[in-house]
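As a plain string of letters, each chain reads:
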Amino acid sequence: MQTEHQRPIIIKKVKKGGHGAHGGAWKIAFADFMTAMMAFFLLMWLLGSTSKEDLSGIAEYFQNPTVISMSGGTSTGDRTSIIKGGGDDLTKQDGNVKKGEIIVDPEDVKKRLREREAKRMQETKDKLEKMIEQDSVLKEFKNQLKIDITPEGLRIQIVDQDKRPMFDAGSSHMATYAEAILRKVAPVVNELPNRLTVLGHTDSRPFGSGRGDYSNWELSADRANAARRMLNASGIAEDKVMRVSGLADSVPFNPQDPADPINRRISIILLKKDVEDQYVANTGAVLPPSADAPPPDTGLSVPATVIPTQ
């Protein structure tokens, strides 16, 4: 018989699993390992993509960290830098780059400007060729229009055909169809900011007026000026024309037959910028900006010079 002082005895039994010792600690260790590996491969990538100048600056820091830490870098005149002469820009080995300056490689700018200019000239050439195919006036004279790109620039030539000359014989009076061609071409030419030259050419037949003071040289120059006047009347500003020359028969289109009518022609050349600059340098001329031309679209998002901000 149970007395009031007797109480039930409770026995707890804990059942242990076979893998209780492992728990979840392995997950933490694995995460630490992956983090370390990621940091390692990131370091390898950074070292592989770092320039030699940056690496030399880092090496210099570890060789003498106390001096560089106290001075803020190696001495570069009145400034200090990790890279000698580099200022705040660690990619520069020479020169002192002040804070706030925008540095542009002049040669890279020139290259990109030339590429941009060549692209625009090609686009203008394509536009003219398409216009010749589609325009009823120009299509009739397709065989008399020669368009190409030369080392000087975009060249548009209007050549004579047998029984269809641009000018009256021995005269600078322009035929109506030649005027119509120039009026069509002028607006397209005017889209580019480049200056142009107008050249007159004749064939090798001697000028037959009997005037000793007037030859194919004078005749070709007068015809070039007649073409220039028509271009000006069609919207080309006078200061866009850089040179007007008569070359007589000195540069034939068909050298095998100097008397070929195709040698009688007018050449309009939109000059590349470096050709224009070379001409200015050779003559010592100082030219104002072309009044009718819009500022050239360089396609660059950075200025072509160093611009200090302090």
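Quantities reported herein were computed from a predicted structural model and do not represent experimental measurements.

## Comments concerning the pairing of strand β5 (residues 196-201)
A regular strand places its side chains on the two faces of the sheet in alternate fashion. In terms of burial, β5 is a largely internal element, 6 of the 6 residues being buried. Of the two faces of β5, the one holding Leu196, Val198 and Gly200 and the one holding Thr197, Leu199 and His201 are both buried throughout. Pairing between β5 and strand β6 (residues 241-246): 5 bridges, direction parallel. Along β6, the bridge assignment pairs threonine 197 with arginine 243. As paired elements, β5 and strand β7 (residues 265-271) share 6 bridges and run antiparallel to each other.

## Some points on the packing of helix α6 (residues 176-189) against helix α7 (residues 216-233)
Where α6 contacts α7, the two axes come as close as 9 Å, and the packing angle between them is 50°. Compared by their axis directions, α6 and α7 come out oblique. The handedness of the crossing between α6 and α7 comes out as right-handed. Here Glu179, Leu182, Arg183 and Ala186 of α6 come into contact with α7, specifically with Ala227, Met230 and Leu231. Looking at the contact of α6 with α7 residue by residue, the classes come out as 5 nonpolar, no polar and 2 charged.

## Describing empty space enclosed by the protein
Enumeration according to the criterion identifies 1 cavity of 30 Å³ or more in this entry. Within this model, the largest cavity holds a volume of roughly 30 Å³. Contributing to the lining of the largest cavity are Leu128, Ile132, Leu138, Leu145, Ile147, Ile156 and Val185. Of all the elements in the fold, those that place two or more residues in the lining of the largest cavity are α4 (106-134) and β3 (145-149). Partitioning the lining of the largest cavity into residue classes produces 7 nonpolar, no polar and no charged.

## What to know about the pattern of salt bridges
With the rule as written, the count across this model stands at 11 salt bridges. Of the charged contacts, one joins arginine 264 and aspartate 160 as a salt bridge, the two residues approaching to 2.9 Å between their closest N and O atoms. With arginine 264 in the loop between β6 and β7 and aspartate 160 in the loop between β4 (153-159) and α6, this pair connects stretches of sequence that are 104 residues apart. For the pair formed by arginine 264 and aspartate 160, the shared burial category is buried. Across the pair arginine 195 and glutamate 276 runs a salt bridge whose closest N-O atoms are separated by 3.0 Å. Of this pair, arginine 195 sits in the loop between α6 and β5 while glutamate 276 sits in helix α8 (residues 273-283), and the two are 81 residues apart along the sequence. For the residue pair arginine 195 and glutamate 276, the accessibility class agrees, reading buried in each case. Look at the salt bridges and you will find they share partners, linking Asp160, Asp203 and Arg264 into a network.

## Points about the packing of aromatic side chains
With the rule as written, the count across this model stands at 2 aromatic pairs. Ring geometry for phenylalanine 40 and phenylalanine 41: centres 5.5 Å apart, planes at 70°, overall edge-to-face. Classification of phenylalanine 41 as exposed rests on a relative accessible area of 51%. A centroid spacing of 4.7 Å and a plane angle of 25° characterise the contact between phenylalanine 141 and tyrosine 177, whose relative ring orientation is stacked. Of the two residues, phenylalanine 141 is situated in the loop between α5 (136-140) and β3 and tyrosine 177 in helix α6; the sequence distance between them amounts to 36 residues. Of the two residues, phenylalanine 141 and tyrosine 177, both sit in the buried class. Looking at arginine 164, its charged tip hangs above the ring of tyrosine 177, at a distance of 6.0 Å from the centre.

## Overview of the confidence of the model for the protein chain
Predicted confidence across the protein chain gives a mean pLDDT of 78, with 70% of residues reaching 70 or more. Contacts of residues 74-86 to residues separated by more than four positions or lying in other chains number 50 contacts, the stretch itself having pLDDT below 50. Contacts from residues 290-310, a stretch scored under 50 in pLDDT, to residues over four places away or in other chains number 41 contacts.

## What to know about a nonpolar patch on the surface
A cluster of nonpolar side chains, namely Phe40, Phe41, Leu43, Met44, Leu47, Leu55, Ile58 and Phe62, defines an oily patch on the protein surface of about 770 Å² accessible area. Note that phenylalanine 41 resides in helix α1 (residues 25-49).

Conventions used here
- Residues numbered from 1 in each chain as written.
- Predicted model: local features only at pLDDT ≥ 70, side-chain atom pairs only at ≥ 80, totals over all residues.
- Heavy atoms only, no water.
- Buried < 20%, exposed > 50% of the residue type's maximum accessible area, 1.4 Å probe, protein only.
- Helix = DSSP H or I, 4+ residues; strand = E, 2+ residues; numbered from the N terminus.
- Pairing = 2+ DSSP bridges.
- Axes fitted to C-alpha atoms, helices over the stretch in contact; angles between N-to-C directions.
- Parallel < 35°, antiparallel > 145°, perpendicular 65-115°, else oblique.
- Left-handed = near helix turned anticlockwise from the far one by under 90°.
- Contact = heavy atoms within 4.5 Å.
- Nonpolar A, V, L, I, M, F, W, Y, C, P; charged D, E, K, R; others polar.
- 1 Å grid on protein atoms, 1.4 Å probe; cavity = no way out; pocket = protein on both sides within 12 Å on 5 of 7 lines; lining within 4 Å.
- Points joined across faces, edges and corners; volume = space filled by probe spheres on them.
- Salt bridge = Lys/Arg side-chain N within 4 Å of Asp/Glu carboxyl O.
- Phe/Tyr/Trp six-rings, centres within 6.5 Å; stacked < 30°, edge-to-face > 60°.
- Lys NZ or Arg CZ within 6 Å of the ring centre and 35° of its normal.
- pLDDT = per-residue confidence, 0-100.
- Patch = residues over 30% accessible without salt bridge, like charges linked within 9 Å, V, L, I, M, F, W, Y side chains within 5 Å.
- Areas by Shrake-Rupley, 256 points an atom, 1.4 Å probe, with all protein chains shown as cover.

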